[in-house]
Amino acid sequence: KQEVTQIPAALSVPEGENLVLNCSFTDSAIYNLQWFRQDPGKGLTSLLLIQSSQREQTSGRLNASLDKSSGRSTLYIAASQPGDSATYLCAVTPSGNEKLTFGTGTRLTIIP
Amino acid sequence: DVKVTQSSRYLVKRTGEKVFLECVQDMDHENMFWYRQDPGLGLRLIYFSYDVKMKEKGDIPEGYSVSREKKERFSLILESASTNQTSMYLCASSPIGPGLAGVQYFGPGTRLLVL
């Protein structure tokens, strides 16, 4: 059974710093991996989706990488801002499946 | 823009009540999903539906049922609410097609408190 882990559960960094969030998964037979953002009490917004054949995706200050063979993904946030404070979740889509398996998230706080 | 709406943002119910959570999407998506989200446990899939009147159990279907009479609407039913069903409930929808597996659009969530 696929398991997705995100460590640490919470992270605080000063504004302006670059940071990396980590995600690991146990079964490398995935179709894609996504990073989502969730603001308190709200739904999820997809930030980046990496297909299994890709190594990375970029959107603005965000860069996500995927190493399928080692079961790892990272989300790099450059020049962090207070508005980046949120919970970040990664999720994998198993091959041949429409369902997502989520990690438990990292709660990020950017200190002004 | 895809819009997924949920009937209530906050709901308070009593133990034993029958509870309906409604979800509507406006993009003609084939797939719809119900999740619950609890601290430390993440999002867990309760049920999903890949077509009208079709449903499939997720990881934690016990105590829940679903209804999909129309393509745009997916209802989650708690037949007899219990305190351990206090949670945040999230609905999502997704299209089908090449390269779209896993692309889900989420509603704002319903925070349910069962007393």
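Up top is the structure these notes are about.
Parameters at a glance
- Residues numbered from 1 in each chain as written.
- Chains lettered and ligands numbered in written order.
- Predicted model: local features only at pLDDT ≥ 70, side-chain atom pairs only at ≥ 80, totals over all residues.
- Heavy atoms only, no water.
- Phe/Tyr/Trp six-rings, centres within 6.5 Å; stacked < 30°, edge-to-face > 60°.
- Buried < 20%, exposed > 50% of the residue type's maximum accessible area, 1.4 Å probe, protein only.
- Helix = DSSP H or I, 4+ residues; strand = E, 2+ residues; numbered from the N terminus.
- Pairing = 2+ DSSP bridges.

Trainee: When you look at the packing of aromatic side chains in this model, what are you seeing that I'm missing?
Mentor: Each pair of aromatic rings is reported with the distance of its centres and the angle of its planes. Enumeration according to the criterion identifies nine aromatic pairs over all chains in this entry. An angle of 20° between the planes, with centres 6.2 Å apart, marks the rings of Phe33(B) and Tyr35(B) as stacked. For the pair formed by Phe33(B) and Tyr35(B), the shared burial category is buried. Relative to Tyr50(B), the ring of Phe48(B) has its centre 6.1 Å away and its plane inclined at 55°; by these criteria the two rings are tilted. Residue Phe48(B) is classed as buried on the basis of its relative accessible area of 6%. Taken together, the ring pairs in this structure connect Phe36(A), Phe102(A), Phe33(B), Tyr35(B), Phe48(B), Tyr50(B) and Phe106(B) into an aromatic cluster.

Trainee: So what exactly am I meant to see when it comes to the pairing of strand β3 (residues 19–25) of chain A here?
Mentor: Residue and element names in this part refer to chain A. Only one face of β3 is buried, namely the one carrying Leu19, Leu21, Cys23 and Phe25, since none of Val20, Asn22 and Ser24 on the opposite face is buried. Sheet topology note: the strand β1 (residues 4–5)/β3 ladder contains two bridges and is antiparallel. Residue pairing across strands places threonine 5 opposite serine 24, the latter belonging to β3. The sheet contact formed by β3 and strand β8 (residues 72–77) spans six bridges and is antiparallel. Within β8, the position partnered with valine 20 by the bridge is tyrosine 76.

Take it as geometry only, folks, not as evidence of what the structure does.
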